[in-house]
Amino acid sequence: MSVQLVIAEKPSVARSIAAVIGATEKQNGYWQGGGYLVSWCIGHLVSFAEAGQYDEKYCKWKYEDLPILPQPWQFIVPDEKKQQFEVLRTLLNRPDVDSVTAATDAGREGELIFRFVYQQTGCMKPVKRLWISSMEDAAIREGFANLRPDSDYNALYQSALCRAKADWLVGINATRLFSVLYHKTLTVGRVQTPTLKMLVDRDAKILRFQKERYYTVGIQSGSLKADSGRIASMDEADTLKNACAGASAICSSVKREKKTEQPPKLYDLTTLQREANRLFGFTAKQTLDYAQQLYEKKLLTYPRTDSQYLTEDMGQTAQHLVSDLLGLLPFAQGLALTAEVGRVLNSKKVSDHHAIIPTAEFVKQGFTGLAESECKLLNLVCSKLLCAVAAPHEYETVTAVFSCAGNEFAAKGKTVLVPGWKEIDQRFRSTLKADGEEETETLNTLPELTEGQSYSVVSDISEHFTSPPKAYTEDTLLSAMERAGAEDMPENAERKGLGTPATRAAILEKLVQMGFVQRKSKQLVPTKDGINLAVVLPESLTSPALTAEWENRLTEIAKGNADPDEFMAEI
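Let me begin by describing the structure that accompanies this report. (Residues numbered from 1 in each chain as written. Predicted model: local features only at pLDDT ≥ 70, side-chain atom pairs only at ≥ 80, totals over all residues. Heavy atoms only, no water.)

## Focus on the packing of helix 6 (residues 192-208) against helix 16 (residues 528-536)
Where helix 6 meets helix 16, the closest approach of the two axes is 9 Å, and the angle between their N-to-C directions is 105°. Relative to helix 16, helix 6 is oriented roughly perpendicular. Contacts between helix 6 and helix 16 pair Leu 196, Lys 197, Val 200 and Asp 203 from the former with Gly 530, Ile 531, Leu 533 and Ala 534 from the latter. When the residues that make up the contact of helix 6 with helix 16 are grouped by side-chain class, the tally is five nonpolar, one polar and two charged. (Axes fitted to C-alpha atoms, helices over the stretch in contact; angles between N-to-C directions. Helix = DSSP H or I, 4+ residues; strand = E, 2+ residues; numbered from the N terminus. Parallel < 35°, antiparallel > 145°, perpendicular 65-115°, else oblique. Contact = heavy atoms within 4.5 Å. Nonpolar A, V, L, I, M, F, W, Y, C, P; charged D, E, K, R; others polar.)

This is the structure we're talking about:
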């Protein structure tokens, strides 16, 4: 009797899959039943060997030994993971196992994790790939009904392999080189170093900033207020104020403009991390951890995605989800919403996984039994889905210009015509405890104005200072990492920026752990060590443009449009 072996990335995921396909008998290191064996890796079971394994002499860091270029590459299984590796080796080589299903996470790293194990055990059996975006039972069943040959993912594996080798080569060689030159452990990384450089550059701008004083003169008539532009000296402002005192102001122009603000897109991982940081103060890693927990609880779709759209065949699902959420979410009670689902569907903009949305399972279960942090994140994702399918927000702006004592003064106002998606957003935000200092928008409604009308006014002076650039928060840094090097990239480059949505959180954590960056409330600030490191490294290691170019090439390799050997030669 032949059986099929399924290998997941983590024990919890293996358990969920086993339950759906009927492998309910627990064994040591795997589940069995229903013609299946289901086992798991523990993250990266097999990794590249440390330098010392290639040659005893590399155990000491010496300038003369660099660069270290492994040929051929060697692998290790860390001691604490040997037991599970042996379980997999035994299962892969069992005579009754005639086919293997790779069920590790559906993405670049998941592919690498599975292939390394498969190759290390010397297995040659045919492999199929399970590719799913949700851990719900229905999604798992559908995935098993549509397994694809793992060879369809060879390009993805090549891209993962190039990423791993590049990180090893740059990390090990550059770290050893600069540590030996400066007699201090200086950890260098392909993505973390340019990220550190961005923080150091911003810090320098803030330090060099000299604040400048300036003045504005305001004129007022009843509820109407208008301001002059910036005035450099107090004397000049004083002269103008006195000239306006008791004078009359003439309305010289009134300009009205209707504007439309389109609904936001759905969340990919980076935008979710940014908003959770801004609203709740979660770090990027916390957001990823909570989202991963919710994914494994079947309440949220796969979080490590860089798409903000759903595929075109998901229209029906999204429609049902929206109407169910309207009944389930406290802040959506009594909301009249005509969902325009078509706006969030675009298969061309979905590569590995669609945008992050709640699941049908969540609609059944609701928030029962969830931690506060998980509830916050789910609420955020639900409100984003409702906003994304709501009507555009329409408003009118009014700019009025007045002349008084030979100078111009301007007044600006705004009136909402159709609240649209912003109504949902505001309802959601009003439920938040004061976590984030969210600036609520103040609407300034101007009285009816006509050109040529004259007003008698009083005048005053106010003093202002120019403000320095702000230190990065995780929100603004993630955004900057995503855009890094973008101006030097071809317009159609799919993945610009430093790192991937899945890796950015870990990079920020690592910089903090290594003492190069510290968190000050929501801000990320480089430490003295971080500044010194960024200053001594050459541009090829600190330039966001270069690393962003590599990231783009890795994406091209994954799509089968670039040559892995060429990429490695450049590294």
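## A look at the pairing of strand 4 (residues 36-40)
By the criterion of burial, strand 4 is predominantly enclosed, with five of the five residues buried. Direction of pairing for strand 1 (residues 3-8) relative to strand 4: parallel, over a ladder of five bridges. Note on strand 4: the bridge partner recorded for Val 6 is Val 38. In the sheet, strand 3 (residues 30-33) pairs with strand 4 via four bridges, with the strands oriented antiparallel. Within the sheet, the bridge partner assigned to Tyr 30 lies in strand 4 and is Ser 39. (Buried < 20%, exposed > 50% of the residue type's maximum accessible area, 1.4 Å probe, protein only. Pairing = 2+ DSSP bridges.)

## Re the pattern of salt bridges
Inspection of the entire model under this criterion finds 36 salt bridges. Ionic pairing is found between Arg 89 and Glu 86, a salt bridge with its closest N-O pair at 3.2 Å. Placement of the pair is Arg 89 and Glu 86 together in helix 2 (residues 82-92), with a separation of three residues, close to one helical turn. By relative accessible area, Glu 86 is classed as partly exposed at 37%. Across the pair Glu 463 and Arg 213 runs a salt bridge whose closest N-O atoms are separated by 2.5 Å. Taken together, the positions of Glu 463 in strand 16 (residues 458-465) and Arg 213 in strand 10 (residues 213-221) put the pair 250 residues apart, joining distant regions of the chain. For Glu 463, a relative accessible area of 43% puts it in the partly exposed group. Taken together, the shared-partner salt bridges connect Arg 108, Glu 109, Arg 163, Asp 167, Arg 190 and Glu 551 into one network. (Salt bridge = Lys/Arg side-chain N within 4 Å of Asp/Glu carboxyl O.)

## Overview of the sheet that holds strand 9 (residues 148-149)
If you walk across this open sheet you meet the seven strands as 2-3-4-1-7-8-9, and the pairing is mixed. In this open sheet, the two edge strands, each paired with only one partner strand, are strand 2 (25-27) and strand 9. Note: strand 7 (residues 97-103) against strand 8 (residues 127-129), three bridges, orientation parallel. Bridge assignment links Ala 102 to a residue of strand 8, and that residue is Arg 129. Strands in contact with helix 1 (residues 11-21) are strand 1, strand 3, strand 4 and strand 7; relative to strand 4, the strand with the most contacts, it is inclined by about 165°. Of the strands in this sheet, strand 1, strand 3, strand 4 and strand 7 are in contact with helix 2, which crosses strand 4 at around 155°.

Functional significance is not addressed by these values, which are geometric in nature.
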